[in-house]
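# Commentary on secondary and tertiary structure
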Amino acid sequence: MLAGNDHAFRLLVEKYRNDVFRTIFAILRDPKEAEDASQEVFMKLYNSLSQYENQGFKTWMTRIAVNHAIDVKRKQERRREDVVGALEQQVLGTPRDSVEKEVIAFDQRRLVQKKLNEVPENYREVIYGFYIEEKSYQQMAEEQNVQVKTIETKLYRARNWMKRNWKEDDFS
């Protein structure tokens with residue numbers, strides 16, 4: 001049907017891009033992520049056109065969009081879990097199996113809290129919100145009544161601040 005017809009495909013993109021974006025945004029709840037995922041979905045659609053069997057294009061397209069959005073969300077959650085797990089491993093060490101390890105872990109948690117208090121106030125809120133409370137950029141932007149880009153910038157600057165001001169030895 002559309003195989004090799006770039007102009008026809010561009011028309012499909014124009015016609016359905018808002019539908020694809022809304023479908024993906026409903027799952028990801030982040031406009032930037034939804035925009036990126038929408039573009040990826042259209043690339044998947046283009047590469048999969050030969051498999052399309054003329055049975056409801058919009059349904060077929062929506063199924064691809066939903067599946068891709070779910071994959072993106074899973075990757076985000078895995079990434080967040082990996083970061084939190086790495087931080088916990090770095091700060092807390094191996095799982096506690098003795099009173100001694102529990103005391104050390106308590107001291108280290110207190111140290112992490114103390115170190116978090118050293119972070120400038122405007123960075124502390126995004127670090128705590130993203131890493132501890134596991135909020136999305138969108139959630140934090142709405143709560144602080146700012147743009148998502150502002151949250152991204154604050155988190156970027158906060159990470160740079162931590163890299164410049166904290167040494168691994170500070171946590172031992």
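This report concerns the structure included in the present document.

Calculation notes
Residues numbered from 1 in each chain as written. Predicted model: local features only at pLDDT ≥ 70, side-chain atom pairs only at ≥ 80, totals over all residues. Heavy atoms only, no water. Helix = DSSP H or I, 4+ residues; strand = E, 2+ residues; numbered from the N terminus. Contact = heavy atoms within 4.5 Å. 1 Å grid on protein atoms, 1.4 Å probe; cavity = no way out; pocket = protein on both sides within 12 Å on 5 of 7 lines; lining within 4 Å. Points joined across faces, edges and corners; volume = space filled by probe spheres on them. Nonpolar A, V, L, I, M, F, W, Y, C, P; charged D, E, K, R; others polar. Buried < 20%, exposed > 50% of the residue type's maximum accessible area, 1.4 Å probe, protein only. Patch = residues over 30% accessible without salt bridge, like charges linked within 9 Å, V, L, I, M, F, W, Y side chains within 5 Å. Areas by Shrake-Rupley, 256 points an atom, 1.4 Å probe, with all protein chains shown as cover. Salt bridge = Lys/Arg side-chain N within 4 Å of Asp/Glu carboxyl O. Lys, Arg positive; Asp, Glu negative; His and termini not counted. Charge placed at Lys NZ, Arg CZ, Asp CG, Glu CD.

### Some details on the environment of I151
As for its placement among the helices and strands, I151 is situated in helix α7 (residues 148-165). Separated by 13 residues in the primary sequence, I151 and Q138 place their C-alpha atoms 8.3 Å from one another. Discounting residues that sit within four places of it in the chain, I151 has contacts with V126, Y137, M140, A141, Q144 and V146.

### Some remarks on the layout of surface pockets
Estimated volume of the second largest pocket: approximately 460 Å³. As for the second largest pocket, its lining consists of 20 residues, and the residues nearest its centre are Q76, R80, F130, S136 and Y137. Those elements giving two or more residues to the lining of the second largest pocket turn out to be α2 (31-48), α3 (57-92), α5 (121-132), α6 (137-144) and α7. In terms of residues, the lining of the second largest pocket owes the most to one element, α3, which gives 6 residues. Grouping the amino acids of the lining of the second largest pocket by side-chain chemistry returns 5 nonpolar, 3 polar and 12 charged.

### Thoughts on the environment of N122
Checked against the element boundaries, N122 lands in helix α5. For N122, a relative accessible area of 40% gives the class partly exposed. Spatially, the C-alpha atoms of N122 and L155 are 9.7 Å apart, while their sequence positions differ by 33 residues.

### Digging into a positive patch on the surface
A cluster of basic side chains, namely K44, K75, R78 and R79, defines a positive patch on the protein surface. Topologically, R79 is positioned in helix α3. Take R79: its relative accessible area is 52%, and that puts it in the exposed class.

### Quick word on a negative patch on the surface
Taken together, the side chains of E77, E81, D82 and E134 present a region of like negative charge at the surface. By secondary structure assignment, the location of E77 is in helix α3. When its relative accessible area of 37% is taken as the criterion, E77 is described as partly exposed.

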